[in-house]
Amino acid sequence: MTGTPAPRTTPAHRPWPLCRRCCGIALDLGSARTRAWITGSGVVVDVPTVTGTGTGTGSRIGTGTGALYPVRRGAIVDTPGCARMLRRLLAHRLPGPGHPLIVVTAPALGGLAYRTQARIAVEALRPRGVLTVPSARAVAVAAGADMSRPLLVADIGAHLTEVVLLHEGAVTDARRTALGTGDLDATTPPERLSEAVAVMLTAMLRQDRTALTADALARGVLLAGGGALRPEVTGRLAGLLRTPLSVVPAPHTAAVRGAARLLQVAHTHPSASGALPPAADLH
């Protein structure tokens, strides 16, 4: 993955018309919670990522409830179930008959598989276009971070933790562990999660042949996700890293709020005359 975007070769287009029919959705599909923001309404959904009873292939939770998790540790494991969940949660909330533009956050290391499955799932909402954006970039946007310089983002979720190096807004390195706040118990203490983040950052620093990681680490680490609200995690991490830690305001909703800002920018994309691609990546 490289961080330098290609120069623009297409002419400027007129902005999307600002009208009531030009609806947009920012969507963050987490393994624990799903959050959605709709143009003109703000965050309208913040609920557990759970589907009802049925024959889906998602991981089963609970005992005798039939409830399923369609997203597990950074992977969409039940795409039809995810589509049904999104239709149930959002279809009736869309203003008017227009087709929404949807911006979906994606784990930096989710790869093409995650982005493809996410696009298939959101087809349930009949979008006019779908854009995917790395969660770390959305977090940085929500924080108003200066992305002209190297930036480290640690997103500590419920079942997945990612450490991502951004340069000029693009992902240049990323590490992940299938561990999050939802795993913390007597056998997995908070210290283990903090140490996992420190290990990923240390490996990133040692294997970087440039000065990007060192420069970013000197600036400090931007923390997001529910883990950023856990002082037993952040306190230990600060002691291990010996570098400034900055918690994004409302870190558990930072990704969807950043996606919402990118959605507002996307409204200046080429109009519905056909210049807007049906799917794109903001990576």
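Residues take numbers from 1 onward in each chain, read along the sequence in its written order. Where local features are concerned, this predicted model is filtered to residues with pLDDT of at least 70; where side-chain atom pairs are given and counted, the filter is 80 or more; whole-chain, interface and lining totals use all residues. Side-chain measures were taken over the full set of non-hydrogen atoms in the model, leaving aside hydrogen atoms and water.

1. Some details on the overall build of the protein
Think of it this way: any DSSP run of H or I at least four residues long counts as a helix, any run of E at least two long counts as a strand, and we number them from the N terminus. Secondary structure assignment for the protein yields seven helices and 15 strands. Only protein chains enter the area calculation, which uses a 1.4 Å probe; residues under 20% of their type maximum are buried, those over 50% are exposed, and those in between are partly exposed. Of all 283 residues assigned to the protein, the portion counted as buried reaches 51%. The contact definition used throughout considers only heavy atoms, calling two residues in contact when any of these lie within 4.5 Å. Within the protein, counting contacts between residues at least 6 apart in sequence, those at least 24 apart form 63% of the total. Note on areas: Shrake-Rupley, 1.4 Å probe, and residue coverage restricted to the protein chains presented here. As presented, the protein carries roughly 13000 Å² of accessible surface, and 54% of it is formed by carbon and sulfur atoms.

2. Quick word on the sheet that holds strand β11 (residues 161-167)
Taken in spatial order, the five strands of this open sheet run β12-β11-β10-β13-β14, and their pairing is mixed. What marks the edges here is a single partner per strand, and that holds for β12 (170-177) and β14 (245-247). Averaged over all pairs of adjacent strands, the angle between their axes in this sheet comes to 25 degrees, without regard to strand direction. Throughout, an axis means a line fitted to C-alpha atoms (over the contacting stretch in the case of helices), and angles, computed between N-to-C directions, take values from 0 to 180 degrees. Against the sheet, helix α3 (residues 135-143) contacts β10 (151-156), β11 and β13 (221-224), and its axis sits at roughly 105 degrees relative to β10. Together, β10, β11 and β13 form the strand contacts of helix α5 (residues 212-219), whose direction differs from that of β10 by roughly 70 degrees. Two strands are counted as paired when DSSP detects at least two bridges linking them.

3. What about the packing of helix α1 (residues 79-90) against helix α2 (residues 111-122)?
Angle between the axes and distance between the axes are the two parameters that describe a pair of packed helices. It is at 8 Å that the axes of α1 and α2 come closest, and there the two elements cross at 45 degrees. Taken together, the axis directions place α1 and α2 in an arrangement best described as oblique. As α1 packs across α2, the resulting crossing turns out to be right-handed. Counting all contacts with α1, which are made through T79, C82, A83 and L86, the residues of α2 involved are Q117, I120, A121 and V122. Classifying every residue of the contact of α1 with α2 by side-chain character gives six nonpolar, two polar and no charged. When describing relative orientation, an angle under 35 degrees is termed roughly parallel and one over 145 degrees roughly antiparallel, while 65 to 115 degrees is termed roughly perpendicular and anything else oblique. A clockwise turn of the near helix away from the far one marks a right-handed crossing, whereas an anticlockwise turn of less than a right angle marks a left-handed crossing. Residues are grouped as follows: nonpolar covers Ala, Val, Leu, Ile, Met, Phe, Trp, Tyr, Cys and Pro; charged covers Asp, Glu, Lys and Arg; every other residue, Gly included, is treated as polar.

4. Considering the pairing of strand β8 (residues 101-106)
The buried fraction of β8 is high, at six of six residues. Taking every second residue as pointing to the same face, both faces of β8 are buried, with L101, V103 and T105 on one and I102, V104 and A106 on the other. Where strand β1 (residues 24-29) meets β8, four bridges bridge the pair, whose relative direction is parallel. Looking at the pairing, I25 lines up with I102 of β8. Sheet analysis places β8 next to strand β9 (residues 129-134), joined by six bridges and oriented parallel. Its bridge partner being in β9, A106 is matched across the sheet by P134. What joins β8 to β9 is α2, and the crossover it makes is right-handed. Looking down the strands as they point away from the viewer, one classifies a crossover as right-handed if the path from the first strand across the helix to the second runs clockwise.

5. Observations concerning the side chain of D183
On the secondary structure map, D183 appears in the loop between β12 and α4 (190-207). On the accessibility criterion, D183 (17% relative accessible area) is buried. Polar contact is the term for a pair of N or O atoms within 3.5 Å; when the atoms are in protein, one must be able to donate a hydrogen and the other to accept it, and sequence-neighboring residues count only if both atoms are side-chain atoms. Here R73 takes part through its side chain, which lies 2.8 Å from a polar atom of the side chain of D183. Among all residues touching D183, those that are not within four sequence positions of it are R73, A158, H159, A178 and T188.

6. Quick notes on unusual backbone geometry
Positive phi, normally seen in glycine, also occurs at R126, with a value near 50 degrees. Note that R126 resides in the loop between α2 and β9.

7. What to know about the environment of A91
Its location among the elements puts A91 in the loop between α1 and β8. Sequence separation between A91 and A124 is 33 residues; the distance between their C-alpha atoms is 8.3 Å. Ignoring anything within four residues of it in the chain, the contact list for A91 reads L86 and L125.

8. Let's talk about the side chain of T243
Relative to the helices and strands, T243 resides in the loop between α6 (231-241) and β14. Within the structure, the side chain of T243 is placed 2.5 Å from the backbone oxygen of L217, a separation counted as a polar contact. Those residues within four positions of T243 in sequence are excluded, and the remaining contacts are L217, A218, G220, V221 and A238.

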